[in-house]
Amino acid sequence: MDKILEGLVSSSHPLPLKRVIVRKVVESAEHWLDEAQCEAMFDLTTRLILEGQDPFQRKVGHQVLEAYARYHRAEFESFFSKTFVLGLLQQGYHSLDRKDVAILDYIHNGLKLIMSCPSVLDLFSLLQVEVLRMVCERPEPQLCARLSDLLTDFVQCIPKGKLSLTFCQQLVRTIGHFQCVSTQEKELREYVSQVTKVSNLLQNIWKAEPATLLPSLQEVFASISSTDASFEPSVALASLVQHIPLQMITVLIRSLTTDPNVKDASMTQALCRMIDWLSWPLAQHVDTWVIALLKGLAAVQKFTILIDVTLLKIELVFNRLWFPLVRPGALAVLSHMLLSFQHSPEAFHLIVAHVLNLVQSFKSDGLPSSTAFLVQLTELIHCMMYHYSGFPDLYEPILEAIKDFPKPSEEKIKLILNQSAWTSQSNTLASCLSRLSGKSETGKTGLINLGNTCYMNSVLQALFMATDFRRQVLSLNLNRCNSLMKKLQHLFAFLAHTQREAYAPRIFFEASRPPWFTPRSQQDCSEYLRFLLDRLHEEEKILKAQSSHNPSDSLGCSEASLQEGASKAAELTENPCTSDTEKTLIERMFGGKLQTHVCCLNCRSTSQKVEAFTDLALAFRPSPSMEDLSFQDLASLSNAQDGGLMRASGPGPSEEPVVYNPATAAFVCDSIVNEIGNPDEFLCTENTSVSNESTKILVNKDVPQKPGDENTLSVTDLLNYFLAPEILTGDNQYYCENCASLQNAEKTMQITEEPEYLILTLLRFSYDQKYHVRRKILDNVSVPLVLELPVKRTTSLSSLSESWSVDVDFNDISENLAKKLKPSRTEEAFCPTLVPYLLSSVVVHSGISSESGHYYSYARNITGVESSYEMCHQSETLVLTPSQNHFIGKDTPSALIEQELENKEMSKEWFLFNDSRVTFTSFQSVQKITSRFPKDTAYVLLYKKQNSTHGLSGNNPTNGLWVNGDPPLQKELMDAITKDNKLYLQEQELNARARALQAASASCSFRPNGFDDNDPPGSCGPTGGGGGGGFNTVGRLVF
């Protein structure tokens, strides 16, 4: 049969005919053959596999060999013997060299065929010795990768005991000899794949035998610290870094930098080569280890090495910024090298010539990732130019190129430079494991920035610090629910009870991110807040509808059940609830009502409408020179800010910014509330007339300012402007049904129901028609600690049209934008109820554009009752006269209360939430933020109503728990937090054990070209959570 097969494969018969005959030969394997015939067939198929002239012959060899080995296993076991395999590995096969990958592949397949035979154990023993010999011969990457495949499938072939340690060291040396001379993408990808297979093999061995890890790392250092000019270790060694546990950073860097056997020349070589590793595309944590080593050298004051390496490698690191795959790591290393090199401008000036091209290139591509990167880079550049001033000829072109990006304040620059200096590095290297440190002294938990998610973090911290809302969320019974509210409850529980310094809200971010928000790009926090509250509100309506429809399944939250409740919820939307028990949590906490009156100035008929709102969007009053500007069509605008309309201060006639009209924010996603709407939306009463003096609400327009702040606006001014009457004329005339034509009209707005938490959004982004961009209004606005909201109490709202959502056609937006004119003289003074509010939190936007910058928040805990308000007159009203156009004056109760609260400010705790960092602060810092940092402005304000002398619902316990602390958590939540806290303690213990390895310096010695044979006193496997953060000490450099 072997002769037939041999003649067939070498014949000139058509290929289909050959395949038919081969199939017959394969089928004949079932028949009995004597040992000589089997051996002849095995010899032929082996020759076809290893020396086949074309793929067809090699394929036939594999097919026939597999068939005959299956049916004649004893004969194949005798053929595939220890002697035969040893001959292949040491002598090759005929003309085939022993290092040919085909031989290794053949042995790999042969092991699979005799895996169940007893003789395979002898082959395993043989291969344990042979693979070590092969590795010592420094095989090429392709052969080493095939060997790794074999050892991954047959771990029994990996050397054991001390041979395992030697094997790992030799494998490290082999990786150090890898080279790829090709520049073609296909060959480079194949090379990276081969190196990855080898490094993964080493990782598996380290996990199985932890005692091999430290000697392997010693061999890595011996390779990269070699000063032999004839040998340059491969950058492929970078592939091993990602497999080294980050918890070993402290002990390894400490041992490395303090080992007297490591000479400065060797250390310099090692550090330079580690920096070269930044170019390896798939390696993780290279920047982490490089920065840790730089800090370690600074801690032991080896400044000569740091200076030499910085000057030698700074340009190479900068050039890595051009490549997206390695850009984050390169920027982290570049930042540390530049900011720590503070004794001379030499290092910075080496890259100055390259900065301009890089900035211009990234600005032109317009990618969000490029913009985010430039924000980080420009902050670094500003720090360096501040520290090394006096070179205008070098810096002026760069300043012109980066003028559109935020510039850090002088105080921040000083702080960054002080933290980054070599002399500030501690000997303990505590910063190397910052992610494992506990909570800050504030006792509050930060939120990790997941990539431009500061807009979410700032809003979530403000909501968390809204005490009553947080307690209501934590008290909900949502164990069997997978709703967004459940995820918010989970997040709040972790913020309140985790022992970690910062929490990563990945699950909540994915669940709450609006669909139109691009991941990892900056977004509008106000828009996100409105979307979040809307989602929570609508979700609860669906759950309530489902619960009423099927009481036996109270809170089943499957997708099917949620869809069943959607139709019921729609009915609730059409017939809104009025009692507190029927309202959703969002309605009870943040919902208010705003009544709009439109009076036709021709026939005096009126129409009115009540709208629900969750936040009031306060516009800025235009300058007098702008009041006569007509509205320009905004239909072409994209990304309408906050779903509301804006009014900007006019910078001058040349720019002609669009004048926006403030709109209340209802539960509407990415739409604009129609303040006037179509005539059908109002109940126009033909026979109802009003007197010549219309009802009007005004708050203080002329709040006394402190000395030096005469020109500073206040939130009270903006609220006054929001509630002031406006005349609808010109293009904005009102269609009066009574007159059946467009008429001039007067529109007034009055708050008829105040929310428990009042959210105010300052509309700081105006549209510049000249340059077609949205600009930020940087006017300083004083934020009062006490705010009194004028509320007109109404007795009957049943005849008014009200809804939680308003559908608006964006093309009709121009009908809603009317110019604010002076109030008419036909006004009747009326006395609203002044509802007092205390400032709870402030979300600050830092930057000059809504598409960039940074968000952070100031907040404090405020409960429903404050002793300072016992003196507040809830029913006090003041009559407005022509000469008195304000309620709040210097001697009013509110002014006295605010003064008292400011005097007691030191006894109250304010917190600054800046992503992962939480620090103590004061209300004075809130007041002075814009005056100190002109681009940092208050954007979203959260006030807490202070007339709540009772609970918000009937669910409050009577034991005072809701006054003095958060409610107890559900068992599911508490179990999750307990589990994570245990994991955190295990991480801390692992870190402590790693530090304990310092005591055994012999087993941690990094002597070049050698290692200690003793087992290490302990091992550090990969941690179960947390991971390791970077070591960039630049505060807020990465938003």
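Rules and cut-offs
Residues numbered from 1 in each chain as written. Predicted model: local features only at pLDDT ≥ 70, side-chain atom pairs only at ≥ 80, totals over all residues. Heavy atoms only, no water. Helix = DSSP H or I, 4+ residues; strand = E, 2+ residues; numbered from the N terminus. Buried < 20%, exposed > 50% of the residue type's maximum accessible area, 1.4 Å probe, protein only. Areas by Shrake-Rupley, 256 points an atom, 1.4 Å probe, with all protein chains shown as cover. Core = buried A, V, L, I, M, F, W, Y, C linked by side-chain atoms within 4.5 Å. Contact = heavy atoms within 4.5 Å. Salt bridge = Lys/Arg side-chain N within 4 Å of Asp/Glu carboxyl O. Phe/Tyr/Trp six-rings, centres within 6.5 Å; stacked < 30°, edge-to-face > 60°. Lys NZ or Arg CZ within 6 Å of the ring centre and 35° of its normal. Expected span 1.5 Å × (residues − 1). Pairing = 2+ DSSP bridges. Axes fitted to C-alpha atoms, helices over the stretch in contact; angles between N-to-C directions. Parallel < 35°, antiparallel > 145°, perpendicular 65-115°, else oblique. Left-handed = near helix turned anticlockwise from the far one by under 90°. Arc of directions from axis to C-beta. Polar contact = N/O pair within 3.5 Å; in protein donor to acceptor, adjacent residues only side chain to side chain. Nonpolar A, V, L, I, M, F, W, Y, C, P; charged D, E, K, R; others polar.

**Comments concerning the overall build of the protein**
Here's step 1: Helix and strand content of the protein: 33 helices and 24 strands.
Here's step 2: Taken across its 1039 residues, the protein has 55% of its residues classed as buried.
Here's step 3: On the protein, roughly 44,200 Å² of surface is accessible, and the fraction owed to carbon and sulfur atoms is 51%.

**A look at the nonpolar core**
Here's step 1: Within the largest apolar cluster, 150 residues are counted, with the highest numbers of intra-cluster contacts made by F80, L111, F348 and L377.
Here's step 2: Discounting chain neighbours no more than four positions away, the residues touching L377 are L321, L331, L358 and V359.
Here's step 3: By size, the runner-up hydrophobic cluster in this structure holds 58 residues, among which are V459, M465, L478 and L488.

**Notes on the pattern of salt bridges**
Here's step 1: Applying the stated rule across the entire model yields 26 salt bridges.
Here's step 2: Where E219 meets R173, a salt bridge forms, and the shortest distance between an N and an O atom there is 2.5 Å. Note that E219 is positioned in helix α12 (residues 213-224) and R173 in helix α10 (residues 162-176), a separation of 46 residues in sequence.
Here's step 3: Taking relative accessible area as the criterion, E219 reaches 4% and is therefore assigned buried.
Here's step 4: In this structure, a network of salt bridges that share partners links the residues D468, E754, E756, K944 and K945.

**Observations regarding the environment of L447**
Here's step 1: Looking at the element boundaries, L447 is found in strand β1 (residues 446-447).
Here's step 2: For the pair L447 and P505, spaced 58 residues apart in the sequence, the C-alpha separation amounts to 6.9 Å.
Here's step 3: Setting aside residues no more than four positions away along its own chain, L447 makes contact with N457, L460, Q461, L491, L495, A502, Y503, P505, D915 and S916.

**Remarks on the packing of aromatic side chains**
Here's step 1: Applying the stated rule across the entire model yields 28 aromatic pairs.
Here's step 2: One aromatic cluster in this structure is built from F42, F76, F79, F80, F84 and Y106.
Here's step 3: We note R470 situated over the ring of F464; from NZ or CZ to the ring centre the distance is 4.8 Å.

**A closer look at helix α19 (residues 368-387)**
Here's step 1: Compared with the 28 Å implied by 1.5 Å per residue over 20 residues, the 29 Å span of α19 between its first and last C-alpha is a close match.
Here's step 2: Counted residue by residue, α19 has 15 buried out of 20 residues, so it is predominantly covered.

**Some thoughts on the environment of T288**
Here's step 1: Examined against the element boundaries, T288 turns out to sit in helix α15 (residues 286-299).
Here's step 2: For the pair T288 and L246, spaced 42 residues apart in sequence, the C-alpha to C-alpha distance is 8.7 Å.

**Concerning the pairing of strand β5 (residues 615-618)**
Here's step 1: By the alternation rule, side chains of β5 split into D615 and A617 and L616 and L618, which are all buried.
Here's step 2: In terms of strand pairing, β5 meets strand β14 (residues 757-762) through four bridges, oriented parallel. Bridging from a neighbouring strand, D615 pairs with I759 of β14.

**So, the packing of α10 against helix α11 (residues 185-208)**
Two packed helices can be described by the angle between their axes and the distance between those axes.
Here's step 1: Axis separation between α10 and α11 bottoms out at 11 Å; the angle between their running directions is 155°. By the angle between their directions, the pair α10 and α11 is classed as roughly antiparallel. The hand of the α10/α11 crossing is left-handed. Contacts from S164, F167, C168, L171, V172 and I175 of α10 reach α11 at V198, L201, L202, I205 and W206.

**A closer look at helix α31 (residues 923-932)**
Here's step 1: Among the residues of α31, those classed as buried are F923, V926, I929 and T930. Seen along its axis, α31 keeps its buried residues to an arc of 105°; they face one direction.

**Quick notes on the pairing of strand β4 (residues 605-613)**
Here's step 1: The buried fraction of β4 is high, at eight of nine residues.
Here's step 2: By the bridge criterion, eight bridges tie strand β3 (residues 592-600) to β4 in an arrangement that is antiparallel. Of the residues in β4, the one forming a bridge with T596 is K609.

**What to know about the environment of T371**
Here's step 1: Residue placement: T371 occurs in helix α19.
Here's step 2: On a C-alpha basis, the gap between T371 and F405 in space is 9.1 Å, while along the polypeptide they are 34 residues apart.

**Some details on the side chain of E379**
Here's step 1: Looking at the element boundaries, E379 is found in helix α19.
Here's step 2: Polar contacts involving the side chain of E379 include one to the side chain of K412, which spans 2.3 Å.

**Some remarks on the packing of α19 against helix α21 (residues 410-420)**
Here's step 1: In contact at an axis separation of 10 Å, α19 and α21 are set at 85° when each is read in the N-to-C sense. Judged by the inter-axis angle, α19 sits roughly perpendicular to α21. Counted together, E379, H382, C383, Y386 and H387 of α19 and E410, K412, I413, K414, I416 and L417 of α21 form the full contact between these two elements.
Here's step 2: Looking at side-chain class alone, the contact of α19 with α21 contains five nonpolar, two polar and four charged residues.

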